Amino acid sequence: MLDRIQIQRIVERQGEEIILHEHMRIERTSYQHGSVTTFAHSIRVACLSIWLADRMHLWDRVDQRALVRSALLHDYFLYDWHEWDNGTHRLHGLTHGQTALLNASRDFQLGGVERDSIARHMFPLTPIPPKYLEGYIVSLADKISATRETLSPTRFKRRKRYARHSRRSQMSRA
């Protein structure tokens, strides 16, 4: 069985092109669940996906590269859905899989397993289930990670992005 370091190395090796891509800067500054950025969430989902495939002895049925890439790109929507946008993110839970797929298809060469896994990772919230085992693993890892992040006691301890701006805002409210 793989240990944590081995899992992290697999994610780094199989996902290097994605992790180093310039658009991942957006994910590093956009929050996903509580105090967890979209980038950190995607890394967690990738690591948990590898862990699940390993613990369920699925290596003869799962494409490791497609699994890691799908997990890293499943939330590649490239915006902070918590920020006000005149309501266009109101249906984020239903639409972000397709948005992530469009962005990922623009920035990376994707195979069919990756496309399907990204687009359908929100099943059963979205009605069509994944076609491939990798999609089910990413979907499960995403739900486990999102639940842990949402229920975490550190949920409300976000780092301030603009400390100077925050102080001014607080002073003007006083």
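Every value quoted in this text rests on a predicted model; they were computed, and no experiment measured them. (Residues numbered from 1 in each chain as written. Predicted model: local features only at pLDDT ≥ 70, side-chain atom pairs only at ≥ 80, totals over all residues. Heavy atoms only, no water.)

**So, the overall build of the protein**
Right, on to step 1. Assigned secondary structure in the protein consists of eight helices and two strands.
Right, on to step 2. Burial analysis of the protein (174 residues in total) assigns 47% to the buried set.
Right, on to step 3. Counted over contacts in the protein with a minimum sequence separation of 6, partners at least 24 positions apart contribute 66%. (Helix = DSSP H or I, 4+ residues; strand = E, 2+ residues; numbered from the N terminus. Buried < 20%, exposed > 50% of the residue type's maximum accessible area, 1.4 Å probe, protein only. Contact = heavy atoms within 4.5 Å.)

**A look at the nonpolar core**
Right, on to step 1. Within the largest apolar cluster, 33 residues are counted, with the highest numbers of intra-cluster contacts made by V11, I50 and L73.
Right, on to step 2. At the level of secondary structure, the elements contributing two or more residues to this core comprise α1 (4-19), α3 (38-55), α4 (64-73), α5 (92-107), α6 (112-119) and α7 (133-151).
Right, on to step 3. Here this core takes eight residues from α3, the largest share from any one element. (Core = buried A, V, L, I, M, F, W, Y, C linked by side-chain atoms within 4.5 Å.)

**Things to note about unusual backbone geometry**
Right, on to step 1. Residues F123 and P124 are joined by a peptide bond in cis, for which omega reads 10 degrees.
Right, on to step 2. Structurally, P124 is set in the loop between α6 and α7.
Right, on to step 3. A positive phi angle is found at H57, which is not glycine, with a value near 55 degrees.
Right, on to step 4. In this structure H57 comes out as exposed when scored by relative accessible area, which is 59%.

**Some remarks on the packing of α3 against α7**
Right, on to step 1. Across the interface, α3 lies against α7 with an axial gap of 8 Å and an inter-helix angle of 125 degrees. Here α3 lies oblique to α7, going by the angle between them. In the crossing of α3 with α7, the sense of the turn from one axis to the other is right-handed. Contact residues: H41, R44, V45, L48, S49, L52 and A53 in α3; I137, V138, L140, A141, D142, I144, S145, A146 and E149 in α7.
Right, on to step 2. Along the lines of polarity and charge, the residues of the contact of α3 with α7 split into ten nonpolar, three polar and three charged. (Axes fitted to C-alpha atoms, helices over the stretch in contact; angles between N-to-C directions. Parallel < 35°, antiparallel > 145°, perpendicular 65-115°, else oblique. Left-handed = near helix turned anticlockwise from the far one by under 90°. Nonpolar A, V, L, I, M, F, W, Y, C, P; charged D, E, K, R; others polar.)

**Quick notes on α4**
Right, on to step 1. Here α4 lies mainly inside the structure; eight of its ten residues are buried.
Right, on to step 2. Every buried residue belonging to α4 is among A66, L67, V68, R69, S70, A71, L72 and L73, and all of these are buried.
Right, on to step 3. Regarding α4, its N-cap is D63, as a side-chain oxygen of that residue lies 3.1 Å from the backbone nitrogen of R65 further along. (Polar contact = N/O pair within 3.5 Å; in protein donor to acceptor, adjacent residues only side chain to side chain.)

**Considering the pattern of salt bridges**
Right, on to step 1. In total, this model carries seven salt bridges according to the counting rule given.
Right, on to step 2. Here R44 and E149 are joined by a salt bridge, their closest N and O atoms 3.5 Å apart. Of this pair, R44 sits in helix α3 while E149 sits in helix α7; the two residues are 105 residues apart in sequence, bridging distant segments of the chain.
Right, on to step 3. For R44, a relative accessible area of 42% corresponds to the partly exposed category.
Right, on to step 4. Judged by its relative accessible area of 3%, E149 falls in the buried class.
Right, on to step 5. A salt bridge links R120 to D116, with the shortest nitrogen-to-oxygen separation between them at 3.1 Å.
Right, on to step 6. Judged by its relative accessible area of 7%, D116 is buried.
Right, on to step 7. What emerges from the salt-bridge pattern is a single network uniting E17, R69 and E114. (Salt bridge = Lys/Arg side-chain N within 4 Å of Asp/Glu carboxyl O.)

**Side note on the environment of L102**
Right, on to step 1. Residue placement: L102 occurs in helix α5.
Right, on to step 2. Sequence separation between L102 and R115 is 13 residues; the distance between their C-alpha atoms is 9.3 Å.

**Brief notes about α1**
Right, on to step 1. For α1, built from 16 residues, the straight-helix expectation of 22 Å at 1.5 Å per residue is missed by more than 12%, its first-to-last C-alpha distance being only 18 Å.
Right, on to step 2. Regarding α1, the residues found buried are I7, I10, V11, Q14, G15, I18 and I19.
Right, on to step 3. Tucked into the core, α1 has its buried residues touching α2 (24-29), α3 and α4.
Right, on to step 4. Two or three places before I5, at the opening of α1, D3 has a side-chain oxygen 3.1 Å from that residue's backbone nitrogen. (Expected span 1.5 Å × (residues − 1).)

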